[in-house]
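Here are the chains, one letter per residue:
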Amino acid sequence: TRFFFTATSRSEETCFQTLFPVPLRAVLFDMDGTLSDSETLHWRAYSNVFKREFPSFPANPISRRYYNTNIGGRTKSYSVAQILPNLPPSEVSRICIELEKVCASMFSLIFMVLLM
């Protein structure tokens, strides 16, 4: 059986290629924290990216409470557009790609540690 991935956005395609640069031989799905709690990594990614990209953002550093209330459980593009409503769509996309890169980097580090 072959696994086919259809990206719905450029950022999803970029994230997928970053995480899986070689063809996959198997896929294990983790639904909403069944195997790992990835929410903490996403929160840290938002914190890092917003601190770097928007130093004057009023909620910096993004607290876990702010993340849970305004960001968690939503898509990146929706969250970024909601909390920064004046940001042009091209900038929302760029920030989403940055968030994906930071998340992918953190996930890669964790997977490397687990495989050692």
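Draft legend 1. Broad picture of the pattern of salt bridges. In total, this model carries six salt bridges according to the counting rule given. A salt bridge links E53 to R52; its shortest N-O distance comes to 3.5 Å. Residue classification places E53 among the partly exposed residues on the basis of a relative accessible area of 25%. Here E98 makes a salt bridge to K101, at a shortest N to O gap of 3.7 Å. Within this pair, E98 and its partner K101 are both found in helix α5 (residues 89-115), separated by three residues, close to a single helical turn. One connected set of salt bridges, linked through shared partners, spans R52, E53, E91, R94, E98 and K101.

Draft legend 2. How the structure looks around helix α4 (residues 76-83). Within α4, the full set of buried residues consists of K76, S79, V80 and I83. Seen along its axis, α4 keeps its buried residues to an arc of 95°; they face one direction.

Draft legend 3. Structural context of the packing of aromatic side chains. One pass over the structure, following the stated rule, counts five aromatic pairs. Judged by centre distance (6.0 Å) and plane angle (80°), the ring pair of F57 and Y66 falls under edge-to-face. Residue classification places F57 among the buried residues on the basis of a relative accessible area of 9%.

Draft legend 4. Local environment of the confidence of the model for the chain. For the chain, per-residue confidence averages 80 on the pLDDT scale, and residues scoring 70 or more make up 68% of the total. Confidence drops under pLDDT 50 across residues 1-7; counting only partners more than four residues distant or on other chains, this segment forms nine contacts.

Draft legend 5. View of the side chain of H42. Mapped onto the elements, H42 comes out in helix α2 (residues 39-53). H42 gets classed as buried once you look at its relative accessible area, which sits at 17%. Setting aside anything within four residues of it in sequence, one finds H42 in contact with Y67, K76, C103 and F107.

Rules used throughout
Residues numbered from 1 in each chain as written. Predicted model: local features only at pLDDT ≥ 70, side-chain atom pairs only at ≥ 80, totals over all residues. Heavy atoms only, no water. Salt bridge = Lys/Arg side-chain N within 4 Å of Asp/Glu carboxyl O. Buried < 20%, exposed > 50% of the residue type's maximum accessible area, 1.4 Å probe, protein only. Helix = DSSP H or I, 4+ residues; strand = E, 2+ residues; numbered from the N terminus. Arc of directions from axis to C-beta. Phe/Tyr/Trp six-rings, centres within 6.5 Å; stacked < 30°, edge-to-face > 60°. pLDDT = per-residue confidence, 0-100. Contact = heavy atoms within 4.5 Å.

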